[in-house]
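Analysis of the macromolecular model
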Amino acid sequence: MKHILAIIKKQLKDTVKNKTILIQFILFPMITVIMSNAVKIDDMPKNFFVYLFATMYVGMAPLTSVAAIIAEEKEHGILKILQFMNVSATEYLIGIGGYVFFICMVCSVTFPVCGNFSLKESILFLIIMALGILISVILGAVIGCLSGNQMSATSITIPVMMVLSFMPMIAIFNANIAKISKYLYSGQIQILLSGNLRPAKENILILIGNMIIVFVLFLITYKKAFQNR
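Residues numbered from 1 in each chain as written. Predicted model: local features only at pLDDT ≥ 70, side-chain atom pairs only at ≥ 80, totals over all residues. Heavy atoms only, no water.

What to know about the overall build of the protein
Where we set the bar: Strands here mean DSSP runs of E at least two residues long; helices mean DSSP runs of H or I at least four residues long; both are numbered from the N terminus. Exposure classes here rest on a 1.4 Å probe applied to the protein chains alone. A residue is buried below 20% of its type maximum, exposed above 50%, and partly exposed in between. Computed with the Shrake-Rupley method and a 1.4 Å probe, the accessible areas treat only the protein chains shown as cover for residues.
Along the protein, the regular secondary structure elements total 11 helices and 0 strands. A burial count over the protein gives 45% of its 229 residues as buried. If you sum the accessible surface of the protein, you get close to 12,000 Å²; carbon and sulfur atoms cover 70% of it.

So this is what it looks like as structure tokens:
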């Protein structure tokens with residue numbers, strides 16, 4: 001726990017200095033506030049921008065942040081230094097992932113506040129967001145483990161991020177895309193957030209399936225990136 005807290009403290013200082021990572025955390029909450037108050041269109045669904053940008057936030061912010069952080073520290077050899085200090089890869093990844101998850105959840109509070117949700121609705125909304133953010137964090141760790149440097153991490157992250165973030169948005173207007181999007185965890189997040197916030201059996205099974213897939217990928221890449229170093 002001491003090592004994990006030290007890693008979290010280090011990442012907090014690095015985030016303040018790294019404006020690119022900082023923007024990832026606050027960009028979509030800020031856009032949501034602006035668009036929800038500035039754009040009024042007849043017959044537009046209630047809280048349309050809240051649901052739209054919350055889904056995009058889940059597919060972008062935690063994914064890109066974790067991938068960029070791990071890839072950068074691999075590139076600069078920081079992991080080797082941490083190993084000499086008896087910090088295990090598990091402690092490191094829990095520290096990075098937990099830090100990003102916490103910051104994303106704090107920023108996610110903006111969405112239900114902007115949507116004027118009740119306390120009960122806000123809690124359900126944030127629980128659903130937490131599930132999506134957790135999966136994105138693990139997937140970001142997979143990409144970070146696979147990448148040798150920041151450039152390679154970016155080349156992998158961008159197409160993955162585009163699919164996860166924009167496919168659910170397109171699915172709103174295209175039934176054929178919706179048939180594919182619903183099998184992505186970000187697609188399920190969009191469905192749940194814009195629905196009644198109460199998952200059905202299908203929603204739960206798809207989310208669990210996505211979680212299992214990314215976790216298995218993480219175990220494979222974790223072993224390759226750290227245990228063989």
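Now that the structure has been shown, we can carry on.
Overview of the environment of F101
The condition is simple: Any two residues whose heavy atoms approach within 4.5 Å at even a single point are treated as in contact.
Relative to the elements of secondary structure, F101 occurs in helix α5 (residues 89-108). Spatially, the C-alpha atom of F101 lies 7.0 Å from that of P62, the residues being 39 residues apart in sequence. Setting aside residues up to four positions removed in sequence, F101 forms contacts with A130, I133, L134 and V137.

Some points on the nonpolar core
The line we're drawing: Residues enter a nonpolar core if they are buried and are Ala, Val, Leu, Ile, Met, Phe, Trp, Tyr or Cys, with the set joined through side-chain atoms within 4.5 Å.
Core analysis: the biggest nonpolar cluster contains 55 residues, and F25, Y57, V100, F111, F125, M129 and L193 have the highest contact counts within it. Where this core is concerned, the elements lending two or more residues are α2 (19-38), α3 (48-75), α5, α6 (110-114), α7 (119-146), α8 (150-171), α10 (185-194) and α11 (201-227). At 17 residues, the largest contribution of residues to this core is made by α3. Sequence-distant contacts of F111, that is, excluding residues within four places in its chain, are made with F28, P29, T32, V50, F53, A54, Y57, F125 and M129.

Focus: a nonpolar patch on the surface
Stated precisely, the cut-off is as follows: Exposure above 30% relative accessible area and no salt bridge define the residues that can form patches, which grow by joining like charges within 9 Å and nonpolar side chains of Val, Leu, Ile, Met, Phe, Trp and Tyr within 5 Å. One side-chain nitrogen of Lys or Arg within 4 Å of one carboxyl oxygen of Asp or Glu is enough to make a salt bridge.
On the surface, I204, I208, I212, I213, V216, L217 and I220 cluster together into a nonpolar patch covering about 620 Å² of accessible area. Within the secondary structure layout, I213 lies in helix α11.

Overview of the packing of aromatic side chains
Rule in force here: Within 6.5 Å between ring centres, the rings of Phe, Tyr and Trp (the latter by its six-membered ring) count as paired, and their orientation is classed by plane angle as stacked under 30 degrees, edge-to-face over 60, tilted in between.
Scanning the model with the defined rule gives 8 aromatic pairs in all. Relative to F53, the ring of F49 has its centre 6.0 Å away and its plane inclined at 15°; by these criteria the two rings are stacked. Here F49 pairs with F53, and both are found in helix α3, just 4 residues apart, close to one helical turn. You'll find F49 and F53 in the same group, each marked buried.

Re the pattern of salt bridges
All told, the structure shown has 1 salt bridge when counted by the stated rule. A salt bridge links E202 to K182, with the shortest nitrogen-to-oxygen separation between them at 3.5 Å. Placement of E202 in helix α11 and of K182 in the loop between α9 (175-181) and α10 is noted, with a sequence separation of 20 residues between them. We classify K182 as partly exposed; its relative accessible area is 27%.

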